[in-house]
Amino acid sequence: MTSLLSSVTAESTNPSKYRAITLHNISSLPQSERLTKDQRFAIDVVSRVLPFKTNNYVVNELINWDEAPDDPIFTLTFPQKHMLQEEHFNEMAKLISSEASRAEIDDAANRIRMTLNPHPAGQLEHNVPVLYEETVEGLQHKYEETVLLFPSNGQTCHAYCTFCFRWPQFVGIDDLKFATKQAQGLISYLKQRPRVSDVLITGGDPMVMKTRRFKQYIDPILEDDPPNLRTIRIGTKALGYWPYRFTTDDDAEELLDVFRQITATGRHLSIMAHFNHPRELSTPAVREATERIRETGAQIRTQSPIMRNINDSPEAWAEMWREQVRLGMVPYYMFVARDTGAKHFFEIPLVRAWEIFRSAYNQVSGLGRTVRGPSMSAEPGKVSVLGPAEVAGQKVLALTFLQGRNPDWVSRPFFAQYDETATWLNELRPAFGEEKFFFEEELEQRYAAGITAGSEN
Ligand SMILES: *Cc1c(COP(=O)(O)O)cnc(C)c1O
Ligand code: SF4
């Protein structure tokens with residue numbers, strides 16, 4: 001017992017030694033005493049249904065505990081009562097209070113999960129690439145230029161975002177069979193699809209992988225040296241959740257060496273960094289990590305969804321973009337929350353999201369206006385809200401594609417009936433009495449014919 005206690009103390013005094021915090025060890029967290037009994041119980045209840053994991057960096061260096069539970073970074077990783085619908089919360093609370101069996105609790109949890117739309121936006125069915133009539137494992141291909149690679153070992157994160165649309169994977173109701181242990185499928189695919197210029201390595205968070213594992217994907221790609229591959233992107237939240245990955249982790253230096261090897265081949269390396277709140281840009285650790293990454297020749301681009309209770313103010317966004325530009329990052333996307341999980345807790349009407357976007361965009365210099373959005377990653381493509389307008393006496397909402405399953409759809413303005421409450425594309429109706437949006441018929445035809453991005457190349 002003594003040795004266990006002393007090791008916990010030693011760990012907590014070393015801020016750069018990673019420690020996951022979950023339901024199992026949360027009571028050992030000194031800060032948990034600052035929560036009320038009800039708040040602690042709510043964490044217990046909600047985390048039976050939705051995934052919960054945070055870590056010592058988030059808890060000690062990012063969360064402002066004076067403001068918890070309303071603190072945005074607290075809300076980012078800690079479950080809260082209203083993230084479940086009341087009936088679901090009460091059902092689960094009752095089971096826990098009455099000391100129901102593990103099986104009963106799991107049963108109820110799975111039933112509730114199925115009501116939370118675990119598979120939004122056709123990601124699984126329609127983006128699986130086919131080569132020589134076989135699906136290529138671990139890849140998704142939706143937009144012509146860019147293939148997504150899902151490494152098996154990168155399908156978790158240093159902490160879980162409470163709004164994450166990949167939550168079904170983290171609670172084990174989606175298996176990870178679609179992910180891959182190697183790069184061979186990707187390499188063959190690149191040979192057959194000369195129009196693909198970008199590979200986006202994604203997860204979860206591929207930066208949870210040890211460098212040794214990460215190299216197992218990168219080395220074969222660099223060795224094969226596909227001439228069409230110009231850019232490697234890595235989607236990661238590690239700068240926000242565990243910047244020590246790039247500074248003091250045992251294999252941080254080797255990781256930066258891999259980055260250098262990539263840029264030395266003449267390719268562009270883009271770190272697609274997920275930041276939700278300006279505070280994530282403020283610690284000495286994230287500043288140092290940013291500098292080290294940039295020294296390798298990599299560029300850092302940034303993206304985040306807009307979420308009620310976390311970053312639904314123009315000030316938060318303007319500050320993020322200004323700070324990112326100052327640190328040498330390129331603001332890239334503002335996303336709209338997908339219809340899944342705790343959506344009711346985070347969702348913002350599209351019109352409101354656009355107001356926040358515009359008001360933040362107005363406040364930053366042109367170098368911050370590389371950002372685009374608010375954008376929905378919807379079935380037909382990435383659809384951005386251009387804003388309300390009046391056309392021929394009718395109030396409408398103007399939209400456009402930033403990416404489309406058919407590239408020809410991109411950058412055409414189109415119009416929906418003005419709707420102040422709609423939170424997603426499927427809640428919008430075409431304006432001017434039209435039956436369908438211009439892309440809908442073709443989208444159905446493409447699905448019926450099994451056309452994916454790759455099959456057209
Ligand atoms: C966003 C996205 C990409 C990348 O799109 P860019 O506009 O090039 O950043 C690629 N594939 C999928 C499935 C995406 O959602
Ligand atoms: S970092 Fe990304 S994948 Fe990981 S929990 Fe957050 S949103 Fe989900």
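In this text the structure is predicted, and so the values were computed from the model without any measurement. (Residues numbered from 1 in each chain as written. Chains lettered and ligands numbered in written order. Predicted model: local features only at pLDDT ≥ 70, side-chain atom pairs only at ≥ 80, totals over all residues. Heavy atoms only, no water.)

Enquirer: Explain the site of ligand 2 residue by residue, including any values.
Expert: Near ligand 2, the surroundings consist of C157, Y160, C161, C164, R166, F170, G204, K237 and H274. Among the residues forming the shell around ligand 2, the class breakdown is five nonpolar, two polar and two charged. (Near = heavy atom within 4 Å. Nonpolar A, V, L, I, M, F, W, Y, C, P; charged D, E, K, R; others polar.)

Enquirer: Explain the pattern of salt bridges residue by residue, including any values.
Expert: Counting across every chain of the model gives 24 salt bridges. Between R326 and E323 there is a salt bridge; the shortest N-O distance is 2.6 Å. Of this pair, R326 and E323 both sit in helix α14 (residues 314-326), separated by three residues, roughly a single helical turn. Three or more residues are tied together by salt bridges with common partners; here these are E253, E288 and R292. (Salt bridge = Lys/Arg side-chain N within 4 Å of Asp/Glu carboxyl O. Helix = DSSP H or I, 4+ residues; strand = E, 2+ residues; numbered from the N terminus.)

Enquirer: I'd love a proper account of helix α13 (residues 284-295), names of residues and values included.
Expert: Across its 12 residues, α13 extends 17 Å between first and last C-alpha, which sits within 8% of the 16 Å expected from 1.5 Å per residue. Every buried residue belonging to α13 is among A285, V286, A289, T290 and I293, and all of these are buried. On an axial view of α13, the arc spanned by its buried residues comes to 135°, and they lie on one face. Structural note: α13 exposes P284, E291 and E295 on the side pointing more than 90 degrees away from its buried face. In the core, the buried residues of α13 are packed alongside α3 (56-62), α11 (238-241), α12 (252-264), β9 (268-274) and β10 (299-306). Just downstream of α13, G297 is the residue with a positive phi angle, here 95°. (Expected span 1.5 Å × (residues − 1). Buried < 20%, exposed > 50% of the residue type's maximum accessible area, 1.4 Å probe, protein only. Arc of directions from axis to C-beta. Contact = heavy atoms within 4.5 Å.)

Enquirer: Tell me about the domain arrangement of the chain, and please be specific about residues and values.
Expert: When the domains of the chain are assigned, the result is domain 1 (10-113) and domain 2 (120-456). Taking only C-alpha atoms, the centre of domain 1 and the centre of domain 2 are 27 Å apart. Summed over both sides, the interface of domain 1 with domain 2 buries roughly 2700 Å², with 66% coming from carbon and sulfur. In terms of surface lost to domain 2, no three residues of domain 1 exceed P51, Y57 and L76, which account for 26% of the buried area on that side. The interface formed by domain 1 and domain 2 holds one salt bridge in total. Residues R279 and D71 are paired through a salt bridge, measuring 2.8 Å at the closest nitrogen-oxygen approach. Counting across the domain 1 and domain 2 interface gives 14 residue pairs in polar contact (both at pLDDT 80 or more). (Domains from an automatic or database assignment. Buried area = accessible area lost by both parts, 1.4 Å probe. Polar contact = N/O pair within 3.5 Å; in protein donor to acceptor, adjacent residues only side chain to side chain.)

Enquirer: Got a sec to walk through the site of ligand 1? Specific residues and values, please.
Expert: Close to ligand 1 lie K142, Y143, T146, L148, R233, Y332, Y333, K382 and Q403. Measuring from an oxygen atom of ligand 1, one finds a side-chain N or O atom of Y332 at 2.7 Å. About the coverage of ligand 1: the protein hides 89% of its 390 Å² of free accessible area. Split into classes, the residues belonging to the shell around ligand 1 amount to four nonpolar, two polar and three charged. (Areas by Shrake-Rupley, 256 points an atom, 1.4 Å probe, with all protein chains shown as cover.)

Enquirer: Tell me what's going on with the side chain of T77, and back it up with residues and numbers.
Expert: If you trace the backbone, T77 turns up in helix α4 (residues 72-77). Polar contacts involving the side chain of T77 include one to the side chain of T54, which spans 3.2 Å. Here T77 is in contact with F52, K53, T54, V58, A159, Y160, T162 and Y241, once residues within four sequence places are set aside.

Enquirer: Any chance you could break down the sheet that holds strand β7 (residues 198-201) for me, citing the residues and the numbers?
Expert: The strands making up a sheet are joined through hydrogen bonds of the backbone, oriented either antiparallel or parallel. Pairing is mixed across the open sheet formed by 11 strands, whose spatial order is β5-β6-β7-β8-β9-β10-β11-β12-β13-β14-β15. The open sheet is flanked by β5 (139-143) and β15 (414-417), the only strands paired with a single partner. Put simply, the sheet's adjacent strands are angled 30° from each other on average, direction ignored. The pairing of strand β12 (residues 372-377) with strand β13 (residues 381-391) spans three bridges and is classified as antiparallel. Note that in β13 the partner of S375 across the bridge is S384. The strands touched by α12 within the sheet are β8 (231-236) and β9, with β9 carrying the most contacts at an inclination of about 135°. (Pairing = 2+ DSSP bridges. Axes fitted to C-alpha atoms, helices over the stretch in contact; angles between N-to-C directions.)

Enquirer: Pulling in residues and values, what's your account of a positive patch on the surface?
Expert: There is a patch of like positive charges on the surface, built from K181, K210, R212 and R213. Structurally, K181 can be placed in the loop between α8 (167-170) and α9 (184-192). (Patch = residues over 30% accessible without salt bridge, like charges linked within 9 Å, V, L, I, M, F, W, Y side chains within 5 Å. Lys, Arg positive; Asp, Glu negative; His and termini not counted. Charge placed at Lys NZ, Arg CZ, Asp CG, Glu CD.)

Enquirer: Account for the environment of A179, with residues named and values stated.
Expert: Examined against the element boundaries, A179 turns out to sit in the loop between α8 and α9. It is 5.0 Å that separates the C-alpha atoms of A179 and F150, two residues lying 29 residues apart in sequence. Sequence-distant contacts of A179, defined by excluding residues within four places in its chain, comprise E137, G138, F150, P151, S152 and Q155.

Enquirer: Outline the nonpolar core, listing residues and values.
Expert: F78, M92, F214 and F259 are the most contacted members of the largest nonpolar core, which totals 109 residues. Three or more residues apiece are contributed to this core by two domains, here domain 1 (10-113) and domain 2 (120-456). Discounting residues that sit within four places of it in the chain, F78 has contacts with I26, L29, I43, F52, T54, V59, I63, W65, M83 and T162. In terms of nonpolar packing, the next biggest core, distinct from the first, is built from 21 residues, L350, W354, L399 and W409 among them. (Core = buried A, V, L, I, M, F, W, Y, C linked by side-chain atoms within 4.5 Å.)

Enquirer: Lay out the packing of aromatic side chains in plain terms, naming residues and giving numbers.
Expert: Scanning all chains against the criterion turns up 28 aromatic pairs. Ring geometry for W65 versus F78: centroids 5.8 Å apart, planes at 80°, classification edge-to-face. Taken as a pair, W65 in the loop between α3 and α4 and F78 in the loop between α4 and α5 (86-97) lie far apart in primary sequence, 13 residues in all. The same class applies to W65 and to F78, which are both buried. When the ring of F345 is compared with that of F346, the centres are 4.9 Å apart and the planes differ by 80°; the resulting orientation is edge-to-face. Here F345 matches F346 in class, with each residue buried. Between the NZ or CZ atom of R338 and the centre of the ring of F165, over which it lies, the distance is 3.8 Å. Just above the ring of Y418 sits the side chain of K395; from NZ or CZ to the centre is 4.1 Å. (Phe/Tyr/Trp six-rings, centres within 6.5 Å; stacked < 30°, edge-to-face > 60°. Lys NZ or Arg CZ within 6 Å of the ring centre and 35° of its normal.)

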